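# Descriptive structure summary
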Amino acid sequence: QVQLVESGGGSVQAGGSLRLSCAASGRYAMGWFRQAPGKEREFVATISWSGTTTASADSVKGRFTISRDKAKNTVYLQMNSLKPEDTAVYYCAADRSGDYYYPESYKYWGQGTQVTVSS
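If you're wondering where the values come from, they're calculated on a predicted model, not measured in any experiment.

## Some remarks on unusual backbone geometry
We note that N73 has phi near 55 degrees; this positive angle belongs to a residue other than glycine. Judged by relative accessible area, N73 falls into the partly exposed class, the value being 36%. For S81, which is not glycine, the phi dihedral falls at a positive 50 degrees. Relative to the helices and strands, S81 resides in the loop between β8 (74-79) and β9 (88-96).

## Here we look at the environment of S56
The residue S56 is located in strand β6 (residues 54-56) in this model. Between the C-alpha atom of S56 and that of S105, which follows or precedes it by 49 residues, the distance is 16 Å. Apart from residues lying up to four places away in sequence, S56 is in contact with F43, V44, A45 and K61.

So, how was this worked out
Residues numbered from 1 in each chain as written. Predicted model: local features only at pLDDT ≥ 70, side-chain atom pairs only at ≥ 80, totals over all residues. Heavy atoms only, no water. Buried < 20%, exposed > 50% of the residue type's maximum accessible area, 1.4 Å probe, protein only. Helix = DSSP H or I, 4+ residues; strand = E, 2+ residues; numbered from the N terminus. Contact = heavy atoms within 4.5 Å.

Here's what the structure looks like:
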(Lines give C-alpha, C1' and ligand atoms only; values in the text may rest on other atoms or scores of the structure.)
Protein backbone atom coordinates (compact mmCIF):
# COMPACT_ATOMS: atom_id res chain seq x y z
CA GLN A 1 0.00 0.00 0.00
CA VAL A 2 3.04 2.26 0.42
CA GLN A 3 5.57 2.25 -2.40
CA LEU A 4 9.04 3.76 -2.08
CA VAL A 5 10.96 4.39 -5.30
CA GLU A 6 14.64 5.30 -5.07
CA SER A 7 16.78 6.86 -7.78
CA GLY A 8 20.03 8.77 -8.23
CA GLY A 9 22.61 6.08 -7.58
CA GLY A 10 25.61 5.59 -9.80
CA SER A 11 29.40 5.52 -9.97
CA VAL A 12 31.60 8.47 -9.05
CA GLN A 13 35.20 9.12 -8.16
CA ALA A 14 36.26 9.87 -4.60
CA GLY A 15 35.45 13.47 -3.71
CA GLY A 16 32.47 13.58 -6.03
CA SER A 17 28.79 14.06 -5.27
CA LEU A 18 25.49 12.30 -5.82
CA ARG A 19 21.93 13.08 -4.82
CA LEU A 20 19.59 10.22 -4.06
CA SER A 21 15.83 10.65 -4.28
CA CYS A 22 13.01 8.66 -2.74
CA ALA A 23 9.43 9.16 -3.85
CA ALA A 24 7.37 8.63 -0.71
CA SER A 25 3.99 10.15 0.00
CA GLY A 26 2.39 10.26 3.43
CA ARG A 27 3.04 11.83 6.82
CA TYR A 28 5.98 9.58 7.63
CA ALA A 29 9.32 10.06 9.26
CA MET A 30 11.89 8.80 6.76
CA GLY A 31 15.32 7.24 6.89
CA TRP A 32 18.23 6.30 4.68
CA PHE A 33 20.23 3.13 5.32
CA ARG A 34 23.05 1.46 3.42
CA GLN A 35 24.44 -2.03 3.16
CA ALA A 36 27.76 -3.15 1.73
CA PRO A 37 28.59 -6.79 0.87
CA GLY A 38 29.33 -8.79 4.01
CA LYS A 39 28.20 -6.00 6.33
CA GLU A 40 25.07 -5.27 8.31
CA ARG A 41 22.58 -2.68 7.15
CA GLU A 42 23.60 0.58 8.79
CA PHE A 43 21.85 3.83 9.58
CA VAL A 44 22.76 6.86 7.46
CA ALA A 45 20.25 9.63 8.17
CA THR A 46 16.65 10.30 9.18
CA ILE A 47 14.17 13.16 8.89
CA SER A 48 10.81 13.91 10.49
CA TRP A 49 7.70 14.33 8.38
CA SER A 50 7.87 18.09 8.84
CA GLY A 51 11.52 18.17 7.83
CA THR A 52 12.48 20.20 10.88
CA THR A 53 14.23 17.39 12.75
CA THR A 54 17.13 15.41 11.32
CA ALA A 55 19.87 13.10 12.51
CA SER A 56 22.77 11.45 10.74
CA ALA A 57 25.46 8.88 11.39
CA ASP A 58 28.85 10.07 12.58
CA SER A 59 30.45 8.53 9.50
CA VAL A 60 28.58 10.91 7.17
CA LYS A 61 28.20 14.05 9.29
CA GLY A 62 29.33 17.12 7.41
CA ARG A 63 29.18 15.30 4.08
CA PHE A 64 25.62 14.00 3.68
CA THR A 65 22.44 16.03 4.08
CA ILE A 66 18.91 14.65 4.28
CA SER A 67 15.99 16.82 3.23
CA ARG A 68 12.47 16.53 1.91
CA ASP A 69 10.13 18.35 -0.42
CA LYS A 70 6.62 17.62 0.79
CA ALA A 71 5.04 19.22 -2.28
CA LYS A 72 6.89 16.72 -4.48
CA ASN A 73 6.50 13.81 -2.04
CA THR A 74 10.24 13.29 -2.20
CA VAL A 75 13.04 12.73 0.31
CA TYR A 76 16.62 13.46 -0.73
CA LEU A 77 20.06 12.43 0.40
CA GLN A 78 22.70 14.85 -0.87
CA MET A 79 26.07 13.12 -0.69
CA ASN A 80 29.19 15.24 -1.02
CA SER A 81 32.88 14.44 -0.59
CA LEU A 82 32.17 10.80 -1.28
CA LYS A 83 34.67 8.20 -0.13
CA PRO A 84 35.24 4.61 -1.31
CA GLU A 85 33.91 3.51 2.11
CA ASP A 86 30.53 4.96 1.11
CA THR A 87 30.12 2.28 -1.56
CA ALA A 88 26.94 0.35 -0.77
CA VAL A 89 23.35 -0.21 -1.73
CA TYR A 90 21.33 2.67 -0.30
CA TYR A 91 17.78 2.09 0.91
CA CYS A 92 14.96 4.48 1.64
CA ALA A 93 12.72 3.59 4.59
CA ALA A 94 9.45 5.01 5.91
CA ASP A 95 7.05 4.94 8.84
CA ARG A 96 9.37 4.91 11.82
CA SER A 97 7.86 3.82 15.11
CA GLY A 98 10.93 3.50 17.32
CA ASP A 99 14.59 4.50 17.54
CA TYR A 100 15.67 5.95 14.19
CA TYR A 101 18.99 4.10 14.39
CA TYR A 102 17.54 0.62 13.93
CA PRO A 103 16.21 -0.83 10.66
CA GLU A 104 13.57 -2.68 12.66
CA SER A 105 11.93 0.65 13.49
CA TYR A 106 10.82 1.24 9.89
CA LYS A 107 7.80 -0.35 8.29
CA TYR A 108 8.33 0.26 4.56
CA TRP A 109 11.43 -0.06 2.37
CA GLY A 110 12.48 0.79 -1.14
CA GLN A 111 14.27 -1.54 -3.54
CA GLY A 112 17.68 0.06 -3.04
CA THR A 113 20.01 1.96 -5.36
CA GLN A 114 23.70 1.21 -5.87
CA VAL A 115 26.32 3.83 -5.06
CA THR A 116 29.89 3.07 -6.09
CA VAL A 117 32.79 5.37 -5.22
CA SER A 118 36.16 4.64 -6.82
CA SER A 119 39.60 5.73 -5.63
